[in-house]
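Below, each chain spelled out in residue letters.
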Amino acid sequence: MDTLILSRIQFGANISFHILFPTITIALGWVLLFFKLRFNATGDMKWMEAYRFWVKVFALSFAMGVVSGITMSFQFGTNWPGFMEAVGNIAGPLLAYEIMTAFFLEAVFLGIMLFGFSRVPGWLHTLSTFLVAFGTSMSAFWIIVLNSWMHTPQGFEMIDGVAYATNWYEIIFNPSLPYRFTHMMLASGLTVAFLIVGLSAFRWLLGDRSGGVRATIKTGVYLGALLIPVQILMGDLHGLNTLEYQPQKVAAMEGNWETQSNVPLLLFAIPDEEARENRMEIGIPNMASIILKHKADGVVPGLNDFVTEDGEVMHPPVAPVFWSFRIMVATGFAMLLLSWTAAYLMLRKKRGPEGIPTLMYYAMVPMAFSGWVATLAGWYTTEIGRQPWLVQGVLTTKQAVADVPAPMVATTLIAYLAIYALLLTAYISVLFYLARKAVDGDLPRPRTALSGQAYARNVPAE
Amino acid sequence: MELFGDPAQWLPFTFAALMGVSILVYVVLDGFDLGVGILFPFASDAEKDVMVASIGPFWDANETWLVLAIGLLLVAFPAAHGAILTSLYLPVAIMLIGLILRGVAFEFRVKAPTPHKATWNWAFFAGSLMTSLSQGFMLGKYLMGLESTLGTWIFAMITAVFLTVAYSFIGACWLILKTEEGLQRKSVAWAKGGIWGLVLGLGLVSMATPLVSTRIFDKWFSFPEMLYLAPLPMLSGLIVLLMWRSLQSLPKPDDRGARTPFLYAIALFVLAFGGLAYSFYPYVVPEKLTIYEAASAPESLFIILVGTVFVLPMIAGYTALAYTVFKGKAVELRYD
Ligand code: HDD
Ligand code: HEM
Ligand code: HEM
């Protein structure tokens, strides 16, 4: 394998690992703020219990997000020097603003948020929690601005192969930003909602009937039920936006080879790029045309339009885009089904968590990670769908790669993969371990000052 | 922009200065928490908890300075960024893996089931060690103009060891400030050991640097430039002496003077860094690319600068707040 493909795999692996954790922390910060505010308002200990459990998950996820993010920021230099050389004048300021307005904010106030509960006045602790949540959302905003600009670039001019900014407003508020940012923030909210539902269901199945667990089951289910229809609607709008700016991506998502009318919505197919056709198609007639053009005979662009005269393929690889898109949408509908049924059962005769049958709790546990699946599938659709471009129409991926020897990239890739596999296993097992420990009663321990030897038995900051 | 003269001149300089400051702040701040990790094997299990408690609220923000430094390199000098990072490909990867290991170990060592704690303690140590060794290695390679020969490799191996010693030294000074009783006495002993490594390392780097490059040699040993540089080694010598005296007398009753070694250590780091910055200016890739050649478009730099002017004081402000909230001796870290 050559350096290009290895570097792509390495970048893909690193960012996939990275995004798992921001997806959790972005929304979980706000959920913790919600728990805190509910506690302040009601004085009910169940909110405090919920806060205490989920702040641990937050701290752990945050650490994972930070260390993998640091890896990301070096990747541009080690593997994609051509990227910054060509579009550094645009990417640079955006990344700088992310670091300055977001990373420091969240990193500094994280300390106070996690360990300052009894050291600072209540309002300062609440404010710190708010600032951390705000910081993670800001960092998502800036990075998504950059990413969206790479999909729908504008507000710049090219001089000798280098991009120069001409209009920062156009760069920041580029056409796909509103859709991508909203879709991603909702994705984060959903990921957290289902993680909360899943882990709380696990505790419920182990016999935990505490106020804290009830509160989180309700919070998670209602949050999920509320967000998922909005997400599906946003996804649809996002697709229409993509149809306008990156038709080749939509063609790959639909598995549509020829530009034509009355295109079916394919539920299953095996796209074959050699033969340039699908095998084993199963679809709903006219449906893709209706979704994308709002009429049955709407004309949908096809992949064959994106092959040059001399046979060079300028559209993305079809099968991965086609399939990851379906995985995302299917997960979305599974979320809809689960959260609405659970919400209905809880509301019916006001039975709360008791209204949900045990079988359904069993289904909720694996759904804990459904947000991760949909988010990754979504990003694969988006990013692979941009190939062969790195910055749509401006810079190809091939042009940006570093000329580091392939064996070197292969070595680091293997090292990263090994460590990610290890950490992911540790992370997931610790989540369930914490849940199990919470069921056994996680009583507050007496406070002791730490001083050298004197402090031998206690375990701090679990 | 014209107000200050040619922006193609002062903007790159400003950004080089900003980048220098963030590297320096990084080396001091993450230096002490990496150092604490490197000292891990010498501490008992109970002491390890105190050591982590002393850096727990800070390490994340400390590492953010690295992100800022690399970010500034990336945004202000994109051409240099690629050149430097691709030639340091392997040490960078090792550093990143080190940072990953130690960063997650903070959390896992207390959240994973108790029997696993020893493993995560080990990961915390190994990660800290990998990070500081590879940073020292990169420093050595950079000093040697990023050339790859047997000689530069050996030199880089040596700087790797010395930077690690330097970090564990400043880590020990931090622990003197943040701990009490037995652990504090131990930290004093660690600092006493570390200081000699530090002196040796500083001396070695100072001797090697002018030998590698005639440009730097001229900058150091010609008149009148020599006069500008002379205060650096003299001040450093003085500080080492003062520090040694202060370490001899610690710990004192009422914990007086516990802060002194840490402040001296910062001063030493600043001086050493100042010397390097003086020698390498105006190059960002040694002997190949100056900051003026490598800089991004002035318009883009200006946009960042505007933000920086507003944001840096705020960062400084809330960093100070965090250090105030967690001042005093390390106490058990808890979420409630
Ligand atoms: C700021 C830029 C940026 C952001 C926010 C993202 N990406 Fe990306 N992505 C790139 C910038 C980029 C890139 C530098 O442009 C890559 C590297 C190689 C390439 O083709 O594009 C890329 C490629 C790339 C690939 C490989 C595609 C291929 O080579 O066929 C995958 C799987 C992802 N990304 C996944 C993600 C995920 C899961 C993200 C979620 C956070 C994500 N990307 C955000
Ligand atoms: C190529 C892209 C990316 C790079 C270079 C990058 C870089 C980084 C870095 C360096 C950090 C650590 C900051 C610290 O020290 O606190 C970080 C954390 C973070 N990143 Fe990314 N990131 C990328 C993609 C994304 C995306 C797409 C999102 C969100 C949608 C995101 C959201 C976050 C958040 C919220 C954090 C805070 C830490 C956490 O919550 O775990 N990042 N990122
Ligand atoms: C069920 C209906 C859904 C539809 C119709 C939909 C639609 C889309 C489309 C068209 C894209 C590609 C955008 C592009 O062209 O770049 C996309 C990307 C994405 N989707 Fe979805 N989506 C749905 C559900 C979900 C769910 C449930 C999640 C996560 C919980 C999710 C997370 C994402 C993410 C993270 C991306 C990549 C970022 C972006 O481009 O916005 N999606 N989605």
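Up top is the structure these notes are about.
Residues numbered from 1 in each chain as written. Chains lettered and ligands numbered in written order. Predicted model: local features only at pLDDT ≥ 70, side-chain atom pairs only at ≥ 80, totals over all residues. Heavy atoms only, no water.

K.L.:
Help me understand the site of ligand 3, please; the structure alone is not making it clear to me.
P.N.:
All names here are of chain A. If you check the shell around ligand 3, you find 23 residues, and the closest are Arg180, His183, Thr242, Lys249 and Met328. One nitrogen or oxygen atom from the side chain of Arg180 is found 2.9 Å from an oxygen atom belonging to ligand 3. His238 has a polar side-chain atom sitting 3.0 Å from an oxygen atom of ligand 3. Looking at the shell around ligand 3, the elements that each hand over two or more residues are helix H6 (177-205), helix H7 (211-245), helix H8 (247-254), helix H10 (318-347) and helix H12 (370-384). If one sorts the elements of the shell around ligand 3 by residue count, H7 sits on top with seven residues. Residue classes in the shell around ligand 3 are distributed as 10 nonpolar, 10 polar and three charged. (Near = heavy atom within 4 Å. Polar contact = N/O pair within 3.5 Å; in protein donor to acceptor, adjacent residues only side chain to side chain. Helix = DSSP H or I, 4+ residues; strand = E, 2+ residues; numbered from the N terminus. Nonpolar A, V, L, I, M, F, W, Y, C, P; charged D, E, K, R; others polar.)

K.L.:
I would appreciate a short explanation of empty space enclosed by the protein in the present structure.
P.N.:
Unoccupied space between atoms shows up once a probe the size of one water molecule is rolled over them. Here the structure, examined in full by the defined rule, presents six cavities of 30 Å³ or more. Approximately 210 Å³ is the volume attributed to the largest cavity. Lining the largest cavity are 25 residues, and of these Phe115 of chain A together with Gly56, Trp59, Phe106 and Glu107 of chain B sit closest to its centre. Those elements that provide at least two residues to the lining of the largest cavity are helix H2 (45-79) and helix H3 (81-115) of chain A together with helix H2 (45-55), helix H3 (59-76) and helix H5 (89-111) of chain B. Looking at the second largest cavity, its volume works out to about 70 Å³. Arg119 of chain A together with Ala53, Phe326, Ala330 and Val331 of chain B are the residues nearest the centre of the second largest cavity, which is lined by 13 residues in total. Looking at side-chain class alone, the lining of the second largest cavity contains seven nonpolar, two polar and four charged residues. (1 Å grid on protein atoms, 1.4 Å probe; cavity = no way out; pocket = protein on both sides within 12 Å on 5 of 7 lines; lining within 4 Å. Points joined across faces, edges and corners; volume = space filled by probe spheres on them.)

K.L.:
Just to check I follow, could you spell out the site of ligand 2 for this structure?
P.N.:
Neighbouring ligand 2 are 26 residues, the closest being His18, Thr25, Gly65, Gly69 and Glu106 of chain A. Surrounding ligand 2 are residues belonging to chains A and B, so the site spans chains. Contact between ligand 2 and His18 of chain A: a nitrogen atom at 3.0 Å from a side-chain N or O atom of the residue. In this structure, Thr25 of chain A approaches ligand 2 through a side-chain N or O atom, which is 2.3 Å from an oxygen atom. The set of elements that each furnish at least two residues to the shell around ligand 2 consists of helix H1 (3-42), H2, H3 and helix H4 (122-151) of chain A together with H3 of chain B. The greatest single-element share of the shell around ligand 2, amounting to nine residues, is contributed by H2 of chain A. Of the residues in the shell around ligand 2, the class split is 15 nonpolar, nine polar and two charged.

K.L.:
Please clarify how the coordination of the iron atom of ligand 1 should be interpreted in this entry.
P.N.:
The expected angle between donors at a tetrahedral four-coordinate metal is 109.5 degrees. At an octahedral six-coordinate metal it is 90 or 180 degrees. Protein coordination of the iron atom of ligand 1 is limited to a single donor, Glu383 of chain A (OE), positioned at 2.6 Å. Checked against the element boundaries, Glu383 of chain A lands in helix H12. (Donors = N, O, S within 2.8 Å, 3.2 Å for Na, K, Ca; no water.)

What is shown is where atoms sit, not what they do.
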